[in-house]
Amino acid sequence: MSRKVNISVDNLPDTLRGQIHGVESAIDNESLALFTDNKDVRVSIENAAHGLRAYSNTFNHYDLWGRFVRSGHKKLPLEEAPKKTIITRKISEKVDGILYDGEIKITPAVVSSRKDGEDIEYLVWPSDREEKVERALIRLASKGKIVKINFKSGIQYAVVFSMNELAQELKAVGQSMPYPQIKEALEALQGSKLSFKYSATDTKNTDIDDSFYESNMNFLSSLHFSGKKGQGGNVKCVACLNAFVHNMIDNLEYKGYYFNSAQELKRGLSRWMMLRLYHLWRYAAPGKTYHFRLLSIMEKYGSIYSTDNITENKLKALRRDMTTTMKDLIEKGAISEYSITNVKDDKTGNIIDYTYEMHPSDQFCDEILTLNKHNKRIEIQGGKRVVENVVHLDEDTIEAIVQD
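Counting from 1, residues in each chain are numbered in the order their sequence is written. In keeping with the predicted nature of the model, local features appear solely for residues at pLDDT of at least 70, side-chain atom pairs appear and are counted solely at 80 or more, and the whole-chain, interface and lining totals rest on all residues. Heavy atoms throughout the structure, all of them, feed into the side-chain values; hydrogens and water do not.

An unreviewed UniProt entry annotates the protein as Replication protein A of Pseudoalteromonas porphyrae.

As structure tokens, this is what we get:
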């Protein structure tokens, strides 16, 4: 059962109280009630392979984009900063018949850490650590720790939690961090900036013109802490979500997944692939397969860039990484098997890429079926999916129709 918070202005940090008119919890707000509705997605306890899984939400296309830095440029003193600090990546994803194409730019945050008795300023790029904390934060929001705050400047959705609650979510999936690390990760998420520039093409309806979007925002809109000195895990936090995520909650542009299944995996690539399967493989069933190209998927993940020169040794290293991830997905029960096909250069005959074909496990098919039913119910309740009126005929009416 989700534990929805019932919060008032008086519960919020002093930095917020004078800026707001009121607060609504998921108990009172329709959009948040749908976002935190997870009562129908618990896997039956009778299925020993599953147990009861922790439920969370993942946002359409937003969570599939390479928003996190996978190698290098993670934390540097300001004086050691490279000349180019903004990381640019391509966007190319097809979700629910919509093709998103463009680019994303990631600007690092500046955070202050104490070292040898003095405060040192660092550049911090959002990396695996920040991704773990963001996933745990959305998990808390999905459990009901989310509110709508009516600021004088506008409305924002915010996650309200204690440092201990966030630490417990991380610990539950084997990602324990000390409080200072969690706090720094939150500060990095709030300070790091995202710039989007992309088009959205409806591939199912060619009569609809392409849409174009361009925006700049932070991973988290703002961050607030309150408590007493030395309180540690009892420190209260309010993390305001950015406008992009806010709109996706309002428009039901999210899907459910089992948090434990994805986040318990030790490797970043394995966690990302598992989340991707939950998000994109919504028609997983016995006999259906999922295909991808190695270089394309590694570029989406953020391990390589489209401009990189992929040598033979680099390609072998990427294949080894993916082989380990495939083994992780088999052990986790997401896929039953996979196969690899070489992609060769027509002129030289050299291997330049690999095509992977994955087969879903019965367990994963069952999970997807449960999640799809839940998602359909949420869309019906939220008015996104129209249910046709059904005419019920009694036996006398049917008999009359037949006789006519």
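(A) The arrangement of the overall build of the protein in detail. Runs of H or I in DSSP of at least four residues are treated as helices and runs of E of at least two as strands, each being numbered from the N terminus. Assigned secondary structure in the protein consists of twelve helices and 17 strands. Taken across its 404 residues, the protein has 48% of its residues classed as buried. Contacts are assigned to residue pairs with any non-hydrogen atoms lying within 4.5 Å of each other. Residue pairs at least 24 apart in sequence account for 69% of intrachain contacts in the protein once pairs closer than 6 positions are excluded. Working note: accessible area of the protein is about 20700 Å², and carbon and sulfur atoms make up 46% of it. For every residue, the accessible area (1.4 Å probe, protein chains only) is compared with the maximum for its type, and the residue is labelled buried under 20%, exposed over 50%, or partly exposed between those bounds. Residue-level accessible areas treat just the shown protein chains as cover; the underlying method is Shrake-Rupley with a 1.4 Å probe.

(B) Looking closely at the sheet that holds strand S15 (residues 290-293). A pair of strands counts as paired when DSSP detects no fewer than two bridges linking them. Pairing in this open sheet of three strands is antiparallel, and the strands run S15-S17-S16 from one edge to the other. What marks the edges here is a single partner per strand, and that holds for S15 and strand S16 (335-344). Neighbouring strand axes in the sheet, compared pairwise and without regard to direction, differ in orientation by 20° on average. As paired strands, S15 and strand S17 (residues 351-360) are joined by four bridges and run antiparallel to one another. Across the sheet, Tyr-290 pairs through a bridge with Met-358, a residue of S17. Sheet strands in contact with helix H8 (residues 268-280) are S15, S16 and S17, and its direction is about 130° off that of S15. Throughout, an axis means a line fitted to C-alpha atoms (over the contacting stretch in the case of helices), and angles, computed between N-to-C directions, take values from 0 to 180 degrees.

(C) The pairing of S17, seen in detail. Here nine bridges tie S16 to S17, and the two strands are oriented antiparallel to one another. Counterpart to Tyr-338 in the pairing with S17 is Met-358. Counted along the chain from S16 to the antiparallel partner S17, the turn is six residues long, and its residue Gly-349 has a positive phi close to 80°.

(D) Broad picture of the packing of H8 against helix H9 (residues 294-301). In contact at an axis separation of 11 Å, H8 and H9 are set at 100° when each is read in the N-to-C sense. Classified by the angle between their axes, H8 and H9 sit roughly perpendicular to one another. Counted together, Gly-268, Leu-269, Trp-272, Met-273 and Arg-276 of H8 and Ile-297, Met-298, Lys-300 and Tyr-301 of H9 form the full contact between these two elements. Should an angle lie under 35 degrees it is considered roughly parallel, over 145 roughly antiparallel, and from 65 to 115 roughly perpendicular; all remaining angles are considered oblique.

(E) View of the pattern of salt bridges. Only one rule defines a salt bridge in this text: a Lys or Arg side-chain nitrogen within 4 Å of an Asp or Glu carboxyl oxygen. The full count for this structure, using the stated rule, is 22 salt bridges. The partner of Glu-312 in a salt bridge is Lys-316, with the nearest N and O atoms 3.5 Å apart. Of this pair, Glu-312 and Lys-316 both sit in helix H10 (residues 312-331), four residues apart, which is roughly one turn of that helix. On the basis of relative accessible area, Lys-316 is assigned to the partly exposed category, the value being 42%.

(F) Focus on the packing of aromatic side chains. Pairing of aromatic rings covers Phe, Tyr and Trp, the last counted by its six-membered ring, and requires centre-to-centre distances within 6.5 Å; plane angles under 30 degrees mean stacked, over 60 mean edge-to-face, and any other angle means tilted. Under the defined criterion, the tally for this structure stands at 22 aromatic pairs. An angle of 35° between the planes, with centres 5.6 Å apart, marks the rings of Trp-281 and Tyr-290 as tilted. Exposure remark for Trp-281: the relative accessible area of 5% places this residue in the buried category. Relative accessible area serves as the criterion here: at 14%, Tyr-290 is assigned to the buried category. Across from the ring centre of Phe-225, 4.8 Å away, lies the NZ or CZ of Lys-183, which sits over that ring. By definition here, charges over rings are those cases where NZ of Lys or CZ of Arg is within 6 Å of the ring centre and within 35 degrees of the ring normal. If you follow Arg-319 out to its NZ or CZ, it ends over the ring of Tyr-354, 4.7 Å from the centre.

(G) Looking closely at the packing of helix H3 (residues 128-142) against helix H4 (residues 163-172). Packing of H3 against H4 brings their axes to within 9 Å, and their N-to-C directions diverge by 110°. Relative to H4, H3 is oriented roughly perpendicular. For the crossing formed where H3 meets H4, the hand is right-handed. Contacts between H3 and H4 involve Lys-132, Val-133, Ala-136, Leu-137, Arg-139 and Leu-140 from the first element and Glu-165, Leu-166, Glu-169 and Leu-170 from the second. Classification used: nonpolar for Ala, Val, Leu, Ile, Met, Phe, Trp, Tyr, Cys and Pro, charged for Asp, Glu, Lys and Arg, polar for all others including Gly. Its residues assigned to classes, the contact of H3 with H4 shows six nonpolar, no polar and four charged. Working rule for handedness: look at the near helix, and if it is turned counterclockwise from the far one by less than a right angle, call the crossing left-handed; if clockwise, right-handed.

(H) Spatial organisation of unusual backbone geometry. With phi around 50°, Asp-96 is a residue other than glycine that occupies positive phi space. Take Asp-96: it is sitting in the loop between strand S4 (87-95) and strand S5 (98-107).

(I) Main features of the sheet that holds strand S1 (residues 20-25). Strands sit in the order S1-S8-S9-S13-S12 across an open sheet of five strands; the sheet is antiparallel. Edge positions in the sheet fall to S1 and strand S12 (220-226), since each has one partner strand and no second. Neighbour to neighbour, the strand axes of the sheet diverge by 25° on average, direction disregarded. Where strand S8 (residues 146-151) and strand S9 (residues 154-162) come together, six bridges link them in antiparallel fashion. The residue bridging Phe-151 from the neighbouring strand is Gly-154, located in S9. Helix H5 (residues 179-191) rests against S9 and S12 of the sheet, and its axis sits at about 145° to S12.

(J) Quick look at the side chain of Asp-328. Along the chain, Asp-328 turns up in helix H10. Other than its neighbours up to four places away in sequence, Asp-328 contacts Leu-265, Arg-267 and Ser-270.

(K) Local environment of the nonpolar core. Think of a nonpolar core as a cluster: buried Ala, Val, Leu, Ile, Met, Phe, Trp, Tyr and Cys residues, connected wherever their side-chain atoms sit within 4.5 Å. Among the nonpolar cores identified, the biggest contains 94 residues, and Leu-329 and Met-358 are the most heavily contacted of them. Top contributing element to this core by residue count: H8, with seven residues. If near-sequence neighbours (up to four positions away) are discounted, Leu-329 is found in contact with Leu-265, Ser-270, Met-273, Met-274, Leu-277, Ala-334, Ile-335 and Met-358. Counting residues in each nonpolar core, the second largest holds ten residues, with Ile-20, Val-147, Ala-158 and Val-160 among its members.

(L) Expanded view of the environment of Phe-259. Among the structural elements, Phe-259 can be located in helix H7 (residues 259-263). Residues Phe-259 and Asn-57, spaced 202 residues apart in sequence, show a C-alpha to C-alpha distance of 8.2 Å.

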